[in-house]
Structures are given as structure tokens and as C-alpha cells.
Amino acid sequence: NRSATIKLPLQLKVNSQRYVITGYPQYVRVKVSGPSALVTTTVNTQNFKVYADLSNLGVGHHTIKLRTSGLNSELRTALTPEKIKVNIQPRATTTAPVEVRLSSKSVNGGYEVGTPKSSMTNVQVSGARDEVRRVAKVVAEVNVPKDATSDLHRQVTLQALDKHGHILNVIISPNSVSVTVPISSNGMASSSNKETSSDSSNSSSA
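In every chain, residue numbers begin from 1 and rise along the written sequence. Side-chain atom pairs in this predicted model are given and counted only at pLDDT of 80 or more, local residue features only at pLDDT of at least 70, and totals for whole chains, interfaces and linings cover all residues. Hydrogens and water are ignored here; the side-chain numbers use all heavy atoms of the structure.

(A) Molecular detail of the sheet that holds strand E4 (residues 49–53). Ordered by their spatial adjacency, five strands build an open sheet running E6-E4-E1-E3-E7, and the pairing between neighbours is mixed. Whereas interior strands pair on both sides, the edge strands pair on one side only; in this sheet they are strand E6 (67–69) and strand E7 (76–80). Within this sheet the neighbouring strands show an average axis-to-axis angle of 40°, counted without direction. Sheet topology places strand E1 (residues 2–13) next to strand E3 (residues 27–34); eight bridges connect them, and they run antiparallel. Any two strands with at least two DSSP bridges between them are considered paired. Under the DSSP-based scheme used, a helix requires at least four consecutive residues in state H or I and a strand at least two consecutive residues in state E, with every element numbered from the N terminus. Fitted lines through C-alpha atoms give the axes, limited to the stretch in contact for helices. The angle between two N-to-C directions lies from 0 to 180 degrees.

(B) Main features of unusual backbone geometry. A cis amide bond, omega 0°, links Thr-80 with the succeeding residue Pro-81. Tracing the sequence through the fold places Pro-81 in the loop between E7 and strand E8 (83–102). Of note, the bond from Ser-173 into Pro-174 is cis; its omega dihedral lies within 30 degrees of zero at -10°. Phi at Gln-46 is positive, roughly 50°, even though this residue is not glycine. By secondary structure assignment, the location of Gln-46 is in the loop between helix H1 (36–45) and E4.

(C) Spatial organisation of the side chain of His-62. When you line up the elements, His-62 lands in strand E5 (residues 60–65). Among the polar contacts listed, one links the side chain of His-62 to the backbone oxygen of Gly-58, at a separation of 2.8 Å. Only heavy atoms enter the contact rule, under which two residues are in contact if any of them lie within 4.5 Å. Setting aside chain neighbours within four positions, we find His-62 in contact with Leu-57, Ile-84, Lys-85, Val-86 and Ile-88. Here a polar contact is recorded for every N or O atom pair within 3.5 Å, except that within protein the pair must consist of a potential hydrogen donor and a potential acceptor, and residues adjacent in sequence are included only if both atoms are side-chain atoms.

Below, the structure written as C-alpha cells:
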């Protein structure tokens, strides 16, 4: 006989369309003991699963004993953890406007920053109902370099914030948007910036 420990993803039996589950570990350690050949095969194939059955539970906090399925009956198992605590919350979905935030609204050398444009004005936010209710805004943060002299085009990951500016644990769809930040000359930009562009066009191939 021998023993071996396997790290497996924890699976949940739950209606994910209706509920959001938080608090559970992503992985569980399973110590498998029994006939050496069976243990070796089980380690190599990992063709069993560890799961928590939440299908008959309601909203709230619960402590659940984990189970395994697909293991040979000659094997013994010890799970770490054996039990998990979960928080079951109703799923909610809402629509929120996208706000573009710029790290700076001024740049050097006679250029100015215009009004940014996002590829989407509204996005869908879903998650636990209590979290979704707290969403005050969805923000796209754009870093504007001080030496920018032309329009910026950025793909920005979105963040959902509450009214205090804290990031919320919700799913945003789509989770990123493309943002264009206009950078234009206000007439005071020095002409020396333009002189370097003509040098590279003199060489031509036959």
C-alpha cells in the first residue's frame, strides 16, 4: 500500500444562474491511500472529483462537508479541508455607465488633452445582489503620459466602484473597453518637433 496527495479544483453543485457563491477555496488537497498500483493510476489520471452539493441550500451562510466521486472503492481518502464555509447570495444584474478617468488632464509643450471617448457608454454588471446594489460607477482609468503629442488609444480594464471608491467583486461584461484620448496642439507647440520626421523619407529602393 501507499499514499499520495493530489491537489484538485473544488466543484460546486449549484444553480449559478440564480446564485453567487463566495468564501470557498478554489482547490482541495486529497490524500489517497490504498493498493500501490491503484494509487499510482489515480495520481496519473486524476479522473475523480471533489465537490460540494449546494443545490438544496438557501440564501445565507452554510458549512458543507465535501464529497468525492469517481474513486475506486478500495481507496481511502482524507480531504483538506473536510468542510467549507460558503455564502450563498441571489445573483443580480444591472446596467451601469462607463466613466473614463484620466491620470492627468495636462501635457507638456503646448499640447492639450481633449474629452476622452469610450467604445461603450454602458456595460452589464452582475454578481451577488448585495454587491451589485453597491455599484456607484464603472471606471476606465487611463494613464496620460506628460510627453504625449498625439491621440492616445488604449484598451482599458474596467473596475466597478462603490460610492466610497472601493473596488467591488462583481463581473463586468465586457470587462474592458477601448478609449481614445484626443491630444492636440493649442498653437504653441514648437516647430522643432516636426523637423525629425522628414529625414527618414529620403532613401528609396530600385
